[in-house]
Amino acid sequence: MGGARNDLLIVVLLIIAIGVAWIWAGGPSLPIAHQGGLFSAPWPLGAGGNAYTVPLIPLATEEASTDANAATSGTNTSTQSQSKASMLDYFLGYRPGSLGQVVDPAASPYASSIRLENSGATNSDAKNEYVTIRTGTLKNNITITGWTLESTTSNLKMVIGSAAQIPSLGNINSETPVTLDSDSTVIVTTGRSPNGASFRLNECTGYFAQFQEFSPRLAQDCPRPTDEMLRYPEKTAGNDLCENFVRGLRQCTLTVTAIPGNIGSSCQDFVLTNLSYNGCITAHKNDPDFYRDEWRVFLNRDQELWKNTHDRILLLDENGKLVASTSY
């Protein structure tokens, strides 16, 4: 009894395997799939006729309509590509178009100037999931606010918003369009901003990393405390205890531990006020190298946007034209 059951299981699996192989080989679209049986039925309706011919039901595909149009117009389609999108194409979200080929939106005028990288797209946590936009050499600045990021597997779309030129702590940020120069980088994170705003990096934004977690991490890129002492000689000069204390402080770090009282009130004020993000902005916002060519833009979603294993992500300009794409 057990042997018969095993034989039946083998037959069923063999039939399934043959069916999968037939579909993979394009079975439904092969000519034989639309022909009659191997044997003709009796033909009482005349010589060569078939009384039981089943009418062909045309498949509603672009390929079928293209072949039909070519047949009626006399066009030779043998020189045209007949390749179909593979299962991998569908799995990655590629879109089949005319004759089964992959069709993307028309190329954007910016396509040769911008690159899209999947970076942290496979992360399952929205706050750590991100893609990267990079510019090459540009003749003119490019504004990407209003552009769209789209997943071709889920069809989810998100519009890139504005960002603060100088992010503010403790105040409402004023945001402007994200405008990029040559060799710029934009980290587009799916989740919400740790400090409540999208922003451009500057000489002082390294202070954000002390209390807030960014992905990827913000660089510890701030003026050194010892250099800042030279800006405020009235608070620190001639005070050896103050200078020794400041030399032990870390870059891009607000001092929150106890400040020794013996360094004097002026030195204490310098440490608390000037060695902070707001103090750094006040001192350096007019520096010629104040701004960095990097932006952090947040899409403010609570759920992940990109697939963890396979996806194809498109970057579309304000007219829906393809700027760049990345697949993984």
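Residues numbered from 1 in each chain as written. Predicted model: local features only at pLDDT ≥ 70, side-chain atom pairs only at ≥ 80, totals over all residues. Heavy atoms only, no water.

Honestly, the overall build of the protein in this entry has me stumped. Any pointers?
When helices and strands are counted, the protein shows eight helices and 13 strands. For the protein, the proportion of contacts with a sequence separation of at least 24, taken over those separated by at least 6, is 64%. In the form shown here, the protein has an accessible surface area of approximately 19000 Å², with 56% of it arising from carbon and sulfur atoms. (Helix = DSSP H or I, 4+ residues; strand = E, 2+ residues; numbered from the N terminus. Contact = heavy atoms within 4.5 Å. Areas by Shrake-Rupley, 256 points an atom, 1.4 Å probe, with all protein chains shown as cover.)

Even after reading the chapter, I still don't get the sheet that holds strand S12 (residues 312–316), so can you show me in this structure?
Backbone-to-backbone hydrogen bonds pair the strands of a sheet. The strands run either parallel or antiparallel. One open sheet holds the four strands; their spatial order is S5-S4-S12-S13, and the pairing between them is antiparallel. The strands lining the two open edges of the sheet, one partner per strand, are strand S5 (157–159) and strand S13 (322–327). The sheet shows a mean angle of 15° between the axes of neighbouring strands, direction not considered. Looking at chain direction, strand S4 (residues 148–151) and S12 are connected through four bridges and run antiparallel. Paired with Thr-148 across the bridge in S12 is Leu-316. (Pairing = 2+ DSSP bridges. Axes fitted to C-alpha atoms, helices over the stretch in contact; angles between N-to-C directions.)

Whenever I open this one, helix H7 (residues 265–274) confuses me. Can you help?
Every α-helix carries 3.6 residues per turn, so stepping three or four residues along brings you back to the same face. For H7, the complete set of buried residues consists of Cys-267, Phe-270, Val-271 and Asn-274. On an axial view of H7, the arc spanned by its buried residues comes to 115°, and they lie on one face. Buried residues along H7 sit against helix H4 (225–229), helix H5 (233–236), helix H6 (240–247) and helix H8 (277–284). (Buried < 20%, exposed > 50% of the residue type's maximum accessible area, 1.4 Å probe, protein only. Arc of directions from axis to C-beta.)

Please clarify how the state of the cysteines should be interpreted in this entry.
Linking two cysteines covalently through their sulfur atoms gives a disulfide. A complete count under the given rule lists three disulfides for this structure. Each disulfide pairs two cysteine sulfurs, and for Cys-222 the partner residue is Cys-252, the sulfurs being separated by 2.1 Å. Between Cys-222 and Cys-252, the S-S dihedral sits near 115°, and the bridge is therefore right-handed. Of this pair, Cys-222 sits in the loop between strand S10 (199–202) and H4 while Cys-252 sits in the loop between H6 and H7; the two residues are 30 residues apart in sequence, bridging distant segments of the chain. Classification of Cys-252 as buried rests on a relative accessible area of 1%. Across a sulfur-sulfur distance of 2.0 Å, Cys-242 and Cys-267 are joined as a disulfide pair. Every disulfide takes its handedness from the sign of the S-S torsion; for Cys-242 and Cys-267 that torsion is 80°, giving right-handed. Residue Cys-242 is found in helix H6, and its partner Cys-267 is found in helix H7; the two are separated by 25 residues along the sequence. Once the bonded cysteines of the protein are numbered in order along the sequence, the disulfide links fall as 1-6, 2-4, 3-5. (Disulfide = S-S within 2.5 Å.)

How do you make sense of the pairing of strand S11 (residues 291–298) when you look at a structure like this?
Taken residue by residue, a regular strand's side chains alternate between the two faces of the sheet. In terms of strand pairing, strand S9 (residues 185–189) meets S11 through five bridges, oriented parallel. Following the sheet pairing, Thr-189 is matched in S11 by Phe-298. Inspection of the sheet shows S10 paired to S11 by three bridges, in the antiparallel sense. Within S11, the residue paired with Asn-202 across the bridge is Tyr-291.

Looking at this structure, I do not really get the pairing of S13. What am I missing?
Summarising the sheet, S12 and S13 pair through five bridges and their orientation is antiparallel. Each residue of the ladder has a partner; that of Arg-312, found in S13, is Ser-327. In sequence, S12 turns back onto S13 through a hairpin of five residues, with Gly-320 there showing a positive phi of about 80°.

Honestly, the confidence of the model for the protein in this entry has me stumped. Any pointers?
Low pLDDT marks stretches whose predicted atomic positions should not be read closely. Chain-level statistics for the protein give a pLDDT mean of 82 and a share of 73% at 70 or above. Every residue in residues 36–85 is under pLDDT 50, and counting partners more than four places away or in other chains gives 39 contacts. Long-range and interchain partners of residues 96–100, a stretch whose pLDDT sits below 50, account for 18 contacts in this model, where long-range means more than four residues apart. (pLDDT = per-residue confidence, 0-100.)

How do you make sense of the environment of Arg-224 when you look at a structure like this?
Counting through the fold element by element, Arg-224 comes out in the loop between S10 and H4. Distance in space between the C-alpha atoms of Arg-224 and Cys-252 is 7.7 Å, their sequence separation being 28 residues.

Before we go on, may I ask you to explain the pattern of salt bridges in this structure?
Opposite charge on two side chains permits them to pair, given that their charged atoms come into close proximity. Counted under the stated rule, the structure contains 13 salt bridges. Close ionic contact of Arg-292 with Asp-221 constitutes a salt bridge, the shortest N to O distance being 2.6 Å. You can see Arg-292 sitting in strand S11 and its partner Asp-221 sitting in the loop between S10 and H4, a full 71 residues away along the chain. We note a salt bridge from Glu-243 to Arg-247, for which the minimum N-O separation is 3.7 Å. Within this pair, Glu-243 and its partner Arg-247 are both found in helix H6, separated by four residues, close to a single helical turn. Residues joined by salt bridges that share partners form a network here, namely Arg-115, Glu-117 and Arg-134. (Salt bridge = Lys/Arg side-chain N within 4 Å of Asp/Glu carboxyl O.)

Just to check I follow, could you spell out a nonpolar patch on the surface for this structure?
Together, Leu-8, Leu-9, Val-12, Leu-13 and Ile-16 make up a nonpolar patch on the protein surface, roughly 470 Å² of accessible area in all. Its location among the elements puts Leu-13 in helix H1 (residues 2–24). (Patch = residues over 30% accessible without salt bridge, like charges linked within 9 Å, V, L, I, M, F, W, Y side chains within 5 Å.)

Help me understand the packing of aromatic side chains, please; the structure alone is not making it clear to me.
The relation between two aromatic rings is expressed through the spacing of the ring centres and the mutual angle of the planes. Applying the stated criterion across every chain yields a total of seven aromatic pairs. A centroid spacing of 5.8 Å and a plane angle of 85° characterise the contact between Phe-199 and Phe-214, whose relative ring orientation is edge-to-face. Of this pair, Phe-199 sits in strand S10 while Phe-214 sits in the loop between S10 and H4, and the two are 15 residues apart along the sequence. Ring centres 4.6 Å apart and planes at 45° place the aromatic pair Phe-208 and Tyr-277 in the tilted group. On the criterion of sequence distance, the pair formed by Phe-208 in the loop between S10 and H4 and Tyr-277 in helix H8 is long-range, its members being 69 residues apart. Exposure class is identical for Phe-208 and Tyr-277. Each is buried. Pairwise contacts between aromatic rings join Phe-199, Phe-208, Phe-214, Tyr-277 and Phe-298 into one cluster. Between the NZ or CZ atom of Lys-235 and the centre of the ring of Tyr-232, over which it lies, the distance is 5.4 Å. (Phe/Tyr/Trp six-rings, centres within 6.5 Å; stacked < 30°, edge-to-face > 60°. Lys NZ or Arg CZ within 6 Å of the ring centre and 35° of its normal.)

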